[in-house]
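What the coordinates show
Listed below are the residues making up each chain.
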Amino acid sequence: MQAFLQYSPEVQAARAAGTPVVALESTIISHGMPYPQNVQTAREVEQVIRDAGAVPATIALIDGKVCIGLSDAQLELLGQSKDALKVSRRDLAYVLATKKLGATTVAATMICARLAGIEVFVTGGIGGVHRGAETSFDISADLQELAQTGVAVVCAGVKSILDIGLTLEYLETHGVPVVSVGQAAFPAFFTRDSGFQADFRLDGADDQARFIRTKWQLGLQGGVVVSNPVPEAAAMPPDEIDAIIARALGEADAQGVKGKAVTPFLLARIKELTGGRSLATNIALVKHNALVGAQLAVALGRIQA
Ligand code: PSU
Ligand code: MN
């Protein structure tokens, strides 16, 4: 598999110097935000990580290679391309074998990060159990990946386009710890409180790192969810976002949107229905997660694996 990995010069240098590296996904660029805010946000998020003493590695599949760290031109390509495929675990081999352009989801980014020896991965929101999953069986492969792949995923919780309670139950069944930062509540992406509690509150990077390292030292495979609420000033009013999500879900249902298209459809509709305000929230929370993730990577780097 190492033959498939291609490191950017910046990431290569970090590996040689032992500087902590933080992985970033690319589906958020290609399918999660519109151009040009997607590319601009990707660059700003990378800079937050550098400023906190770590090195960013945005991951994507380009020309049959798993690129760990992207050039400016590659970020631009992903941000503008209409053909970038959304790649989860299922799609990895196909996209590499056919040398198509692939944007990695949380699940696929975790796999690639693990192969590259990267322990921390920052994103906006993870996939989960969709509402109505009892009939649709729509459960994101992100959850199964968290169960088996040892990467800490820093996110702002899950959106209420999903069934948050069932998502947390699923994670519990699979032994995936859910940590919260700065509060006891598990956040709901656009808002700070989902109405559910995280399993463990660990506010500081050193405490988070000790916990995560202990899990892996015990030989307990799989990831950890580090949920970090959106900054107060950027959060959306809960009633407003709930109504918009309900409307977007109704439209997805009426239009028969299925499978991997569901999440991108809902994200785009929510952005339209909020007049772009959800995008501002999204950008603010990803940057905040980048800071928490970089601090965690630095702290993990101080504890021997
Ligand atoms: N949630 C977001 N923004 C995103 C995604 C989820 O708030 O961009 C993307 C991530 O890449 C995640 C994927 O891994 O959607 C989940 O898709 P699905 O539900 O099809 O597994
Ligand atoms: Mn799905």
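Our subject in this report is the structure included herewith.

Conventions used here
Residues numbered from 1 in each chain as written. Chains lettered and ligands numbered in written order. Predicted model: local features only at pLDDT ≥ 70, side-chain atom pairs only at ≥ 80, totals over all residues. Heavy atoms only, no water. Helix = DSSP H or I, 4+ residues; strand = E, 2+ residues; numbered from the N terminus. Rg over C-alpha atoms; globule rule 2.2 N^0.38 Å. Buried < 20%, exposed > 50% of the residue type's maximum accessible area, 1.4 Å probe, protein only. Contact = heavy atoms within 4.5 Å. Areas by Shrake-Rupley, 256 points an atom, 1.4 Å probe, with all protein chains shown as cover. Lys, Arg positive; Asp, Glu negative; His and termini not counted. Charge placed at Lys NZ, Arg CZ, Asp CG, Glu CD. Pairing = 2+ DSSP bridges. Near = heavy atom within 4 Å. Polar contact = N/O pair within 3.5 Å; in protein donor to acceptor, adjacent residues only side chain to side chain. Expected span 1.5 Å × (residues − 1). Core = buried A, V, L, I, M, F, W, Y, C linked by side-chain atoms within 4.5 Å. Axes fitted to C-alpha atoms, helices over the stretch in contact; angles between N-to-C directions. Parallel < 35°, antiparallel > 145°, perpendicular 65-115°, else oblique. Nonpolar A, V, L, I, M, F, W, Y, C, P; charged D, E, K, R; others polar.

Below, the discussion takes up the overall build of the chain. When helices and strands are tallied, the chain shows 13 helices and 13 strands. Its C-alpha radius of gyration of 18 Å places the chain within 12% of the 19 Å reference for a compact globule of 305 residues. With the C-alpha coordinates of the chain rotated into their principal frame, the extents come out at 50 × 40 × 35 Å. Taken across its 305 residues, the chain has 54% of its residues classed as buried. Pairs at least 24 apart in sequence give 74% of the contacts found in the chain among residues at least 6 apart. Carbon together with sulfur atoms contributes 54% to the accessible area of the chain, which is approximately 12,800 Å² in total. For the chain, the distance from the average site of its 26 positive side-chain charges to the average site of its 30 negative ones is 5 Å.

Bringing the pairing of strand 3 (residues 55-62) into the picture now. Across the 8 residues of strand 3, 8 count as buried, placing the element largely inside the fold. Of the two faces of strand 3, both are covered, the one formed by Val55, Ala57, Ile59 and Leu61 as well as the one formed by Pro56, Thr58, Ala60 and Ile62. Sheet analysis places strand 2 (residues 21-24) next to strand 3, joined by 4 bridges and oriented parallel. Within strand 3, the position partnered with Val22 by the bridge is Pro56. In this structure, the hairpin formed by strand 3 and strand 4 (residues 65-68) is closed by a connection of 2 residues, where Asp63 is found at a positive phi of approximately 60°. The pairing of strand 3 with strand 6 (residues 102-104) spans 2 bridges and is antiparallel. The partner of Leu61 across the bridge, within strand 6, is Gly102.

Another aspect to go through is the site of ligand 1. Residues in close proximity to ligand 1 total 15 residues, the closest being Glu25, Lys86, Asp142, Lys159 and Thr263. For ligand 1, an oxygen atom lies 2.7 Å from a polar atom in the side chain of Lys86. Interatomic distance of 2.7 Å between a side-chain N/O atom of Asp142 and an oxygen atom of ligand 1. Calculation on ligand 1 without its partners gives an accessible area of 470 Å², and the protein chains cover 92% of this total. Of all the secondary structure elements, the ones that give two or more residues to the shell around ligand 1 are helix 2 (27-30) and helix 12 (262-273).

In this model, helix 11 (residues 238-254) (17 residues) spans 24 Å end to end at C-alpha, consistent with the 24 Å of a helix rising 1.5 Å per residue. Of the surrounding elements, those touching the buried residues of helix 11 are strand 11 (191-197) and helix 12. Looking one or two residues past helix 11, Gly256 carries a phi angle of roughly 65°, positive in sign.

Right, let's get into the nonpolar core. Residues Ile68, Leu146 and Leu296 are the most contacted members of the largest nonpolar core, which totals 103 residues. It is helix 13 (residues 277-302) that provides the largest number of residues to this core, a total of 11 residues. Excluding residues that lie within four positions of it along the chain, Leu296 makes contacts with Val120, Ala152, Val154, Ala205, Gln208, Ala209, Ile212 and Val226.

At a closest axis distance of 8 Å, the pairing of helix 6 (residues 106-115) and helix 8 (residues 141-148) adopts a crossing angle of 25°. As far as their axial angle goes, helix 8 and helix 6 are roughly parallel. From helix 6, Val106, Ala107, Met110 and Ile111 reach across to helix 8, where they touch Ala141, Asp142, Glu145 and Leu146. Considered class by class, the residues forming the contact of helix 6 with helix 8 number 6 nonpolar, no polar and 2 charged.

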